[in-house]
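A look at the structure
Read off the chains here:
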Amino acid sequence: MARFRVCPDSGFYFDRSAESLMKVNAVAGVVFLLIAGLLALGVILTRWQEVHLLPADLFYQVLTAHGINALIFWVIFFEMAVLYFASSTLLRSRLAAPGWAWAGFALMIIGAVMNNVAVLQGNSSVMMTSYVPMQAAPHFYLGLILFAVGALIGCFVFLGTLVLAKDDKTYDGSIPLVTFGALTACIIAIFTIASGAIILFPTFLWSIGYINHIDAEMYRIIWWALGHSSQQINVAAHVSIWYLITGILFGARPMSEKVSRFAFLLYIFFLQLASAHHILVDPGVSSEWKIFNTSYAMYLAVLASMIHGLTVPGAMEVAQRSKGYTKGLFEWLRKAPWGNPVFSGFFFALIIFGFIGGITGVVMGTEQINLIIHNTIYVPAHFHATVAVGTTLTFMALTYLLIPVLFRRALFLPWMAKLQPYVFSLGMTIMILFLLGAGTLGVSRRHWDMDFTGAALSFEYPGTAYMMMAVGGIGGVLGVLGGAMFLIVTVGSLLFGKKLEPSAGLFQGFCGIPLADSVYNVEQPPRLERAEPIEHDHSGGFEAPGTFVLALALLVCFVVYYAINWDYLSSVWPIG
Amino acid sequence: MSSFLPPADRIWWNVPVGKQEIIWAGIALVWCLIMFFMMPYWHVYGKQNLSTEAYQTNAEKYGESVEAFVAEYQTGVEEQSGMPIVTPPAGSDIYMLGRLWQWYPILNLEKGETYRLHLGSMDWNHGFSLQPVNINLQVVPGYEMVINVTPDQAGEFTVVCNEYCGIGHHTMLGKIYVKEN
Ligand code: HEM
Ligand SMILES: [Cu+2]
Ligand SMILES: [Cu+2]
């Protein structure tokens, strides 16, 4: 029986089992995003002090579930789909060990459900970080462990597929840049999951009484080797997708394969560090180690991100210019397909990730500046720019691209899809900026009541802090609305979207169910050839001057904001 | 198209790099180095650096030191909360502990003096967030952290707990009074 189908619109070849796995993983991810989004509404409406929706116990429970479902389950399920796509589909290879991949998927589902049940039962409102000695129910940890093992299996299936593709000679030359980026993500994921096992497994044993003590500081240090590095999986994954999207939409090619790949390599070498970001103000951690670790050894991973920040839009600019959009610095950008949610989603993700997420991350990760930021609401504001917009919106943009290609359905309510990235980005940006502001005024994160109702002593935040939390709340509600629009479009497309494959039956193309057998009519796709060579002409001026100006604008914001924060730090009580 | 196709040049690492990328990578590298050296620079010339002095301890031991400190220097009681107010000599070792859900005791300090502030937790992680100054420290059970602090403003300051520590987390406040001298 033939294993592959070719998508008549995109030309991608899909291996039958890889296709099903991509679909189920993507669908599972979206389901967890739905849960996370509903919970987000509870969180933000409680932090908006004038609304103060939920009671304290429910708030902490909802916040625990929001963090885990969004950051871990949504993102990692989707990443599994991305890994299978970047290996099997992009390399035109069959998937290695699909049985294992299904087993991994099953473990991930069981783990995710188990963990959610634990949180729902109410004795595990410990936040996603679950710092010891605060204890959750054993199945809280067990769920996370099973989920991680499942994800680890997925990583090995990805690696196996790369090997298989090489053996079968399904492609000529080196693996494409996008696959290289996915490989980066996968390698980081394996390191990360190993740290996770080192700390979560003993914690599980402790929760069932086999171990009677876990050092609280050691837990934090190892947990963050998991927690921080896992964010770099997301960065590597979404940067790869940026390259993919610019390639598909504009026919863009990397400005230089060498530079882009080198930047991914820097991620592998240095992103493992930076767990210190989270323990900069912990007791007894040496300054030398903090400086080395928090800066990824002299900011070499930041360097890598700054390089991608130039080469991703640069590649797009070069492609657009070659199509004749050469007027001025920015015609290539003005004439981009702003009505296509794949493009607008990608581009907003890039800008918000770089300008807000990137800059605030480096600033608050500076050893001393962390003193004025640690555990304030500034921190969630920062990572909503990186992961809730950077990663999530990129994945949303990719979903719009994949619905026709992978699921063979036309987008449902295209006008809504068109608006969605705008609404989501606008709402989230408002929320992020105002929560950054509130954090600067000292408002804490993970805090039910900024009025301190019932406290024996009293304290009042300045009125501006309340105002900022309120505007942030409005932005957050708009963000949730944007998220809901995404879900309406995706779920609607799968259920009601026009079938692009006339032979598909009622449920075919939905979830893991393959399309009609007749569609899989390719025994072995033709070998994937190398890209057309081009003349490397580096004699002239800049190939992408507009992007260079954008990059300089980023640098100026960066420098100014960095300086402002040192200045703020210098005004607080001397400590040493 | 080659972002998702195998690169045109088999030996992609030998292809020359464009001027623009080299210049940008150079600028970015310089900025990264500046940011890196800013941290050691601040250790030498800045006034806000976290000390790394810390001791392993346990709730019992740490609690005893705090009680001894309170017994020695208590000068009053805060009415609203019944919490002891402690006025230690200028420049001495001072103690505060976090527990579910209070920062204990209330400290009465003098502006411009440098104190050795000991911080510890009796149970879970807590967050020492001094407001409105906005200095934030992690207080981890099992560890006694010692920092040198020099209040340079007079007034009433509040310690908010900013690490989630259970259902009463939002009621966990403490006070530091600083008077002109
Ligand atoms: C759709 C709109 C969203 C809104 C309005 C929202 C709102 C919030 C707010 C206000 C907090 C901080 C609460 C606090 O510390 O008191 C928070 C925490 C968090 N959010 Fe979101 N969020 C959204 C989407 C997302 C997404 C898409 C992700 C990840 C992909 C995400 C991941 C997290 C995480 C990891 C936390 C930290 C939980 C913790 O402190 O343990 N959020 N969210
Ligand atoms: Cu506390
Ligand atoms: Cu607390």
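Computed from a predicted model, the values in this text were never measured in an experiment.

**A look at the overall build of chain A**
Each helix and strand counted, chain A has 15 helices and two strands in total. Its C-alpha atoms give chain A a radius of gyration of 23 Å, within 12% of the compact-globule value 25 Å for 576 residues. By the burial criterion, 65% of the 576 residues in chain A qualify as buried. The long-range fraction of contacts in chain A, counting pairs at least 24 apart against all pairs at least 6 apart in sequence, stands at 82%. As displayed, chain A offers around 19100 Å² of accessible surface, 72% of which is attributable to carbon and sulfur atoms.

**Section: the site of ligand 1**
Residue and element names in this part refer to chain A. Around ligand 1, the surrounding shell holds 28 residues, and the nearest of these are Arg47, His66, His384, Arg445 and Arg446. Between ligand 1 and the protein, one listed contact pairs an oxygen atom with a side-chain N or O atom of arginine 47 at 2.7 Å. One of the side-chain N or O atoms of histidine 66 is found 2.7 Å from a nitrogen atom in ligand 1. Only helix 1 (16-47), helix 2 (56-91), helix 12 (378-406), helix 13 (414-440) and helix 14 (463-496) provide two or more residues apiece to the shell around ligand 1. Here the shell around ligand 1 gets eight residues from one element, more than from any other, and that element is helix 2. Among the residues making up the shell around ligand 1, the classes are represented as 19 nonpolar, six polar and three charged.

**What about the coordination of the iron atom of ligand 1?**
Residues and elements named next belong to chain A. Donor atoms from the polypeptide that coordinate the iron atom of ligand 1 comprise His66 (NE2) and His384 (NE2), at 1.9 to 2.0 Å from the metal. Given six donor atoms and angles of 86 to 178° at the metal, the environment of the iron atom of ligand 1 is assigned as octahedral. Linking histidine 66 in helix 2 with histidine 384 in helix 12, this pair joins segments that are 318 residues apart in sequence. In this structure, histidine 66 and histidine 384 share a single accessibility class: buried.

**Digging into the coordination of the copper ion (ligand 2)**
Residue and element names in this part refer to chain B. Distances from the copper ion (ligand 2) to its protein donors, His126 (ND1), Cys161 (SG), Cys165 (SG) and Met172 (SD), fall at 1.9 to 2.4 Å. The coordination sphere of the copper ion (ligand 2) comprises four donor atoms, whose angles at the metal cover 96 to 128°; the geometry is tetrahedral. Each donor residue of the copper ion (ligand 2) lies on the same chain, and together they follow the pattern H-x34-C-x3-C-x6-M. Between the copper ion (ligand 2) and the copper ion (ligand 3), the interatomic distance is 2.6 Å, and cysteine 161 donates to each metal, bridging them. Placement of histidine 126 in strand 8 (residues 126-131) and of cysteine 161 in strand 11 (residues 155-161) is noted, with a sequence separation of 35 residues between them.

**Brief notes about the packing of helix 6 (residues 216-250) of chain A against helix 7 (residues 257-270) of chain A**
All names here are of chain A. Contact geometry for helix 6 and helix 7: axes closest at 11 Å, N-to-C directions at 170°. Judged on the interaxial angle alone, helix 7 and helix 6 are roughly antiparallel. Helix 7 is crossed by helix 6, and the crossing has left-handed handedness. Contacts between helix 6 and helix 7 involve Val235, Ala236, Val239, Ser240 and Tyr243 from the first element and Ser260, Phe264 and Tyr267 from the second. Considering only residue class, the contact of helix 6 with helix 7 consists of six nonpolar, two polar and no charged.

**Topic: a nonpolar patch on the surface**
There is a patch of nonpolar side chains on the surface, built from A:Val491, A:Leu495 and A:Phe496 and spanning about 300 Å² of accessible area. With respect to the helices, strands and loops of the structure, A:Val491 is situated in helix 14.

**Looking at the confidence of the model for chain A**
Here chain A shows a mean pLDDT of 90. Residues at 70 or above account for 95%. No element of chain A has a lower mean pLDDT than helix 8 (residues 287-294) of chain A, which averages 76, and none a higher one than helix 13 of chain A, which averages 97.

**Concerning the packing of aromatic side chains**
All names here are of chain A. For the coordinates displayed, the defined rule picks out 49 aromatic pairs over all chains. A ring pair is formed by phenylalanine 77 and phenylalanine 147, whose centres lie 5.5 Å apart and whose planes are at 80°; its orientation type is edge-to-face. In this pair, phenylalanine 77 sits in helix 2 while phenylalanine 147 sits in helix 4 (residues 138-167), placing the two residues 70 residues apart along the sequence. Among the residues examined, phenylalanine 147 registers a relative accessible area of 3% and is labelled buried.

**Some words on helix 1 (residues 19-45) of chain B**
All names here are of chain B. With 27 residues, helix 1 ought to run about 39 Å at 1.5 Å a step, and its terminal C-alpha atoms sit 38 Å apart, in line with that. If you look at helix 1, its biggest bend is around 30°, right at methionine 39, and the proline proline 40 turns up within four residues after that. Of the positions making up helix 1, those classed as buried are Gln20, Glu21, Trp24, Ala28, Trp31, Cys32, Met35, Phe36, Met38, Met39 and Trp42.

**Some details on the sheet that holds strand 2 (residues 74-77) of chain B**
All names here are of chain B. A sheet is described by the order of its strands in space; here seven strands give the open sequence 2-3-6-12-11-8-9, paired in mixed fashion. Each having just a single partner strand, strand 2 and strand 9 (135-139) make up the two edges of the open sheet. This sheet shows a mean twist of 25° between the axes of neighbouring strands, independent of strand direction. The pairing of strand 11 with strand 12 (residues 173-179) spans six bridges and is antiparallel. Opposite glutamate 156, over in strand 12, you have tyrosine 177 as the bridge partner.

**Examining the nonpolar core**
Ranked by size, the top nonpolar core spans 260 residues in total, and within it B:Phe128, B:Leu137 and B:Ile176 carry the most contacts. Broken down by element, the residue count for this core peaks at 24 residues, all from helix 2 of chain A. For this core, the two domains that each supply at least three residues are domain 1 (1-49) and domain 2 (54-179) of chain B. Dropping the residues within four chain positions of it, B:Leu137 is found in contact with A:Val281, A:Leu371, A:His374, B:Leu50, B:Leu119, B:His126, B:Gly127, B:Phe128, B:Met145 and B:Ile147.

**What about the pairing of strand 12 of chain B?**
Residue and element names in this part refer to chain B. For strand 12, a buried count of six out of seven residues is recorded, marking the element as mostly surrounded by other parts of the structure. Bridging between strand 6 (residues 106-110) and strand 12 involves four bridges; their strand directions are parallel. Pairing of leucine 107 across the sheet is with isoleucine 176, part of strand 12.

**A short note on unusual backbone geometry**
With an omega of -15°, the peptide bond between B:Leu100 and B:Trp101 qualifies as cis. Checked against the element boundaries, B:Trp101 lands in the loop between strand 4 (93-99) and strand 5 (102-104). Of note, the amide linkage connecting B:Gln131 to B:Pro132 takes the cis form, showing an omega dihedral of -5°. Its location among the elements puts B:Pro132 in the loop between strand 8 and strand 9. One non-glycine residue, A:Ala97, lies in the positive phi region at around 45°. One can find A:Ala97 in the loop between helix 2 and helix 3 (98-121). Residue class for A:Ala97 comes out partly exposed when judged on its relative accessible area of 37%. Not every positive phi belongs to a glycine, and A:Asn375 is a case in point at roughly 60°.

Definitions and cut-offs
Residues numbered from 1 in each chain as written. Chains lettered and ligands numbered in written order. Predicted model: local features only at pLDDT ≥ 70, side-chain atom pairs only at ≥ 80, totals over all residues. Heavy atoms only, no water. Helix = DSSP H or I, 4+ residues; strand = E, 2+ residues; numbered from the N terminus. Rg over C-alpha atoms; globule rule 2.2 N^0.38 Å. Buried < 20%, exposed > 50% of the residue type's maximum accessible area, 1.4 Å probe, protein only. Contact = heavy atoms within 4.5 Å. Areas by Shrake-Rupley, 256 points an atom, 1.4 Å probe, with all protein chains shown as cover. Near = heavy atom within 4 Å. Polar contact = N/O pair within 3.5 Å; in protein donor to acceptor, adjacent residues only side chain to side chain. Nonpolar A, V, L, I, M, F, W, Y, C, P; charged D, E, K, R; others polar. Donors = N, O, S within 2.8 Å, 3.2 Å for Na, K, Ca; no water. Tetrahedral: all angles 85-135°; square planar, octahedral: opposite > 155°, others 65-115°. Axes fitted to C-alpha atoms, helices over the stretch in contact; angles between N-to-C directions. Parallel < 35°, antiparallel > 145°, perpendicular 65-115°, else oblique. Left-handed = near helix turned anticlockwise from the far one by under 90°. Patch = residues over 30% accessible without salt bridge, like charges linked within 9 Å, V, L, I, M, F, W, Y side chains within 5 Å. Salt bridge = Lys/Arg side-chain N within 4 Å of Asp/Glu carboxyl O. pLDDT = per-residue confidence, 0-100. Phe/Tyr/Trp six-rings, centres within 6.5 Å; stacked < 30°, edge-to-face > 60°. Expected span 1.5 Å × (residues − 1). Bend = angle between axes of the 7 residues up to and from the residue. Pairing = 2+ DSSP bridges. Core = buried A, V, L, I, M, F, W, Y, C linked by side-chain atoms within 4.5 Å. Domains from an automatic or database assignment.

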